[in-house]
Amino acid sequence: MRVLIIVESPIKAFTISRILKRKGIFKIFSVVATKGHIKDFPKSSLGIFFEESFGGIIVKPRFCLRDVVYFERLMREVKRADEIYLATDPDREGEAIAYHLYEEIIRRFPGKKVYRARFYAVTEEEILQALGRKESIDYNLYQAFLARKVVDRIIGWYMSGLVSRALGEKVSIGRVQTPGLCLINDSYEKHVKEGEKKEVYLEAILSPFYFAGLRYRVKVRSESFPDEITAEKVKSGFSPFYRVVSVEKRSAKVNPPRTLTTTGLIKRCGEKYGFSAGKTMKIAQRLFEKGYITYPRTDSHRVSEKGLLLVQEYVRKRYGDEYLQLNTYEDVGERFSQDAHECIRPATMHAFYVEGLKLSRDEKVVLREIRDVFVASQMKPGFLEKVKIKVVNEGRSDVVLQGEGVRIISNGFFVVLKDVLKDYEINEGYFFLKEGQVLGGYAGVEVKIVGRPPLETEESLIDKLEKKGIGRPSTYSQIVPSLLRRGLVRYVEEKKKEDEEKKKKEEVRRRVFIPTYTGKKLVRYLKKRQSFIVDFDFTARLEEELEKVAKGEKKMEDVVINVVDLLKKDGIRVRLMRRRGSKLWKWQET
């Protein structure tokens with residue numbers, strides 16, 4: 001018997017082949033890749049038909065093969081196989097590829113045994129279990145993909161044409177990219193409207209007279225002054241002696257971070273290393289296809305039993321039982337979370353030991369972040385002791401200066417994620433001070449520029465879109481590149497911070513986005529028309545409706561017709577081809 005496994009990626013095909021070869025059953029299996037979607041809408045026409053039936057209107061999209069020559073090669077492999085397993089990714093896009101393959105295989109080779117194989121990590125155990133289940137296509141999930149694809153096609157086809165004619169230049173409208181453009185534009189307008197402000201205060205570096213080491217120096221600052229002249233006047237009355245008037249101590253518990261979702265991974269890699277969302281997700285997808293991590297497109301923090309067993313063994317070996325505190329995060333869910341897959345985590349014990357793996361530098365960086373956050377999420381909280389001191393100068397006792405220091409009481413997850421301490425002033429010197437103690441030091445006038453409201457970065461934009469329920473993990477990395485490609489936004493590089501992974505200083509630049517003239521003009525026009533496309537609630541509601549379609553609670557046609565009605569209210573004339581019997585009619589909405 002000959003068995004064929006079809007996946008969408010050559011890397012994934014190679015990994016599965018290697019696993020099956022190691023298992024000793026590769027001779028009866030062969031693995032091929034589709035190289036992505038095999039079908040798409042035609043480029044020259046809308047490609048959507050509406051068919052009348054006794055149950056109402058049926059939406060019939062017309063898809064075309066993307067690469068006929070390559071597809072025929074796939075079909076030759078199918079012809080030689082006795083059993084076919086469609087092992088594409090376990091999401092809407094993957095289900096669509098599987099459905100289109102199934103459709104073509106059954107049409108050309110009736111009677112072929114075709115099964116669906118779903119696995120969330122490319123490991124021996126997951127693959128063999130998936131092949132053993134012999135599942136079928138999830139038609140409801142495919143219908144959800146179809147609804148999303150048809151809605152995006154209709155909105156893009158009709159609204160882009162209308163707005164392009166109104167503005168006198170070619171522009172593109174998208175269900176997710178246009179709300180993203182609005183958020184970038186809103187942040188830019190606030191940034192321009194609100195000017196920079198100055199904060200002027202006195203800052204003193206103090207230490208006890210009997211300690212000269214840097215360890216015992218503390219930093220205190222005053223409340224802000226109206227201007228530098230006032231601050232200089234107050235400073236002129238200062239003597240070299242300061243007295244501690246108040247010491248307040250308290251303990252603080254710092255909980256470990258939650259496990260990583262797609263948004264969390266994009267945010268961490270963007271802020272820490274300056275990676276774009278697209279770069280992060282390409283690397284994560286490669287790591288998944290090579291068998292190192294679980295499926296990277298997820299909005300769930302949940303951890304499977306297998307994941308808990310792996311991290312439990314790793315923490316016990318590396319840090320000891322005293323650090324371990326398991327958490328499945330099953331009760332943690334966002335409003336718009338689908339919770340379809342578990343969190344992003346290392347897929348095998350081998351993947352926890354990043355340094356010994358044959359991976360590129362960037363792949364190691366992303367895998368290390370995934371491992372560290374996952375391990376930290378299953379460890380005990382860290383405990384800090386905070387002390388807040390208030391001092392006055394002997395020459396001006398009416399001016400109070402204060403400072404705050406922190407020291408670690410119990411490490412907990414800090415042994416893995418040291419970067420969470422960057423927001424705290426770790427300084428033992430504050431804890432040696434007592435009320436009434438006299439300190440010596442010097443004060444200076446400091447001027448701090450309080451910046452305007454920040455411009456959007458790719459990470460902050462994706463974070464906002466997720467909170468508003470716009471888009472899905474599979475589309476986040478495509479939003480900003482799409483806006484850049486269409487000339488609706490441009491980016492400016494800013495210096496961020498030094499790369500903490502390296503000991504030497506190295507600036508990490510981040511990109512902030514501002515709308516182009518065309519982008520600003522487009523947003524003004526859509527807001528003036530009060531178009532539904534700039535209504536954030538519309539996109540969030542649509543995502544909820546797509547979820548209902550995926551669960552079989554709503555028909556795909558209802559979602560599409562609702563969007564056509566919204567276009568009609570927006571003053572757009574929609575002409576869709578309608579079949580009645582064997583004849584073709586134009587369905588016109590005016």
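Everything quoted here is computed from the prediction, not taken from an experiment.

A. Structural context of the overall build of the chain. Counting its secondary structure elements, the chain contains 16 helices and 19 strands. Its C-alpha atoms give the chain principal-axis dimensions of roughly 100 × 65 × 40 Å. Counting the 590 residues in the chain, one finds 52% classified as buried. Within the chain, counting contacts between residues at least 6 apart in sequence, those at least 24 apart form 76% of the total. Within the structure as shown, the chain displays about 28,900 Å² of accessible surface, and the carbon and sulfur contribution to it stands at 48%. Treating the 115 positive side-chain charges of the chain as one cloud and the 85 negative ones as another, the clouds have centres 5 Å apart.

B. Spotlight on unusual backbone geometry. Positive phi, close to 60°, is recorded for K35, a residue that is not glycine. Position of K35 among the secondary structure elements: in the loop between β2 (29-33) and β3 (39-40).

C. Structural context of the pairing of strand β1 (residues 3-7). Along β1, five of the five residues are buried, which leaves the element largely enclosed by surrounding structure. Residues V3, I5 and V7 line one face of β1 and the alternating positions L4 and I6 line the opposite face, and both faces are buried. Looking at chain direction, β1 and strand β7 (residues 83-86) are connected through four bridges and run parallel. By the bridge assignment, L4 is partnered in β7 with I84.

D. View of the packing of aromatic side chains. This structure, assessed with the given rule, holds 16 aromatic pairs. Relative to F63, the ring of F41 lies with its centre 4.9 Å away and its plane at 35°, an arrangement referred to as tilted. With F41 in the loop between β3 and β4 (48-53) and F63 in the loop between β5 (56-61) and β6 (64-65), the pair connects residues that are 22 residues apart, well separated along the chain. Each member of the pair, F41 as well as F63, is classed as buried. Through a chain of ring-to-ring contacts, the aromatic side chains of Y99, Y139, Y142 and F145 assemble into a single cluster. Over the face of the ring belonging to F109 we find K112, whose NZ or CZ atom lies 5.9 Å from the ring centre. If you follow R511 out to its NZ or CZ, it ends over the ring of Y491, 4.2 Å from the centre.

E. Main features of helix α8 (residues 262-273). Here α8 spans 16 Å end to end across twelve residues, near enough to the 16 Å set by a 1.5 Å rise per residue. For α8, the complete set of buried residues consists of T262, T263, L265, I266, C269, G270, K272 and Y273. Where α8 ends, the next residue or the one after it, G274, has phi of about 75°, a positive value.

F. Local environment of the pairing of strand β14 (residues 438-450). Taken together, the twelve bridges between strand β9 (residues 197-208) and β14 define a ladder with antiparallel strand orientation. Within the sheet, the bridge partner assigned to Y201 lies in β14 and is E446. As judged from the three bridges shared by strand β11 (residues 241-254) and β14, these two strands associate in the antiparallel manner. Each residue of the ladder has a partner; that of F241, found in β14, is G440.

G. Layout of helix α13 (residues 476-485). All of the buried residues in α13 are Y476, S477, I479, V480, S482 and L483. Residue G487 follows α13 closely and has a positive phi angle near 70°.

H. Representation of the pattern of salt bridges. Under the defined criterion, the tally for this structure stands at 48 salt bridges. Across the salt bridge formed by K306 and E125, the nearest N and O atoms sit 3.0 Å from each other. With K306 in helix α10 (residues 305-318) and E125 in helix α4 (residues 124-133), the pair connects residues that are 181 residues apart, well separated along the chain. Assessed through its relative accessible area of 42%, E125 is described here as partly exposed. Two residues, D186 and K527, come together in a salt bridge whose shortest N-O distance is 2.8 Å.

I. Structural context of the packing of helix α5 (residues 139-167) against helix α15 (residues 536-550). Two elements in contact, α5 and α15, have axes separated by 7 Å at closest approach and are oriented at 150°. With respect to each other, α5 and α15 are oriented roughly antiparallel. In the crossing of α5 with α15, the sense of the turn from one axis to the other is right-handed. Listed contacts from α15 to N140, L141, Q143, A144, A147, R148, V151 and I155 of α5 are F538, L542, L546, V549 and A550. Here the residues of the contact of α5 with α15 sort into ten nonpolar, two polar and one charged.

J. View of the side chain of D91. Turning to its location among the elements, D91 is positioned in the loop between β7 and α3 (92-108). Buried and unpaired, D91 has no salt bridge, with R297 as the nearest side chain of opposite charge at 5.4 Å. With sequence-adjacent residues up to four places away left out, D91 is seen in contact with L141, Y295, R297, H341 and S474.

The rules behind each value
- Residues numbered from 1 in each chain as written.
- Predicted model: local features only at pLDDT ≥ 70, side-chain atom pairs only at ≥ 80, totals over all residues.
- Heavy atoms only, no water.
- Helix = DSSP H or I, 4+ residues; strand = E, 2+ residues; numbered from the N terminus.
- Buried < 20%, exposed > 50% of the residue type's maximum accessible area, 1.4 Å probe, protein only.
- Contact = heavy atoms within 4.5 Å.
- Areas by Shrake-Rupley, 256 points an atom, 1.4 Å probe, with all protein chains shown as cover.
- Lys, Arg positive; Asp, Glu negative; His and termini not counted.
- Charge placed at Lys NZ, Arg CZ, Asp CG, Glu CD.
- Pairing = 2+ DSSP bridges.
- Phe/Tyr/Trp six-rings, centres within 6.5 Å; stacked < 30°, edge-to-face > 60°.
- Lys NZ or Arg CZ within 6 Å of the ring centre and 35° of its normal.
- Expected span 1.5 Å × (residues − 1).
- Salt bridge = Lys/Arg side-chain N within 4 Å of Asp/Glu carboxyl O.
- Axes fitted to C-alpha atoms, helices over the stretch in contact; angles between N-to-C directions.
- Parallel < 35°, antiparallel > 145°, perpendicular 65-115°, else oblique.
- Left-handed = near helix turned anticlockwise from the far one by under 90°.
- Nonpolar A, V, L, I, M, F, W, Y, C, P; charged D, E, K, R; others polar.

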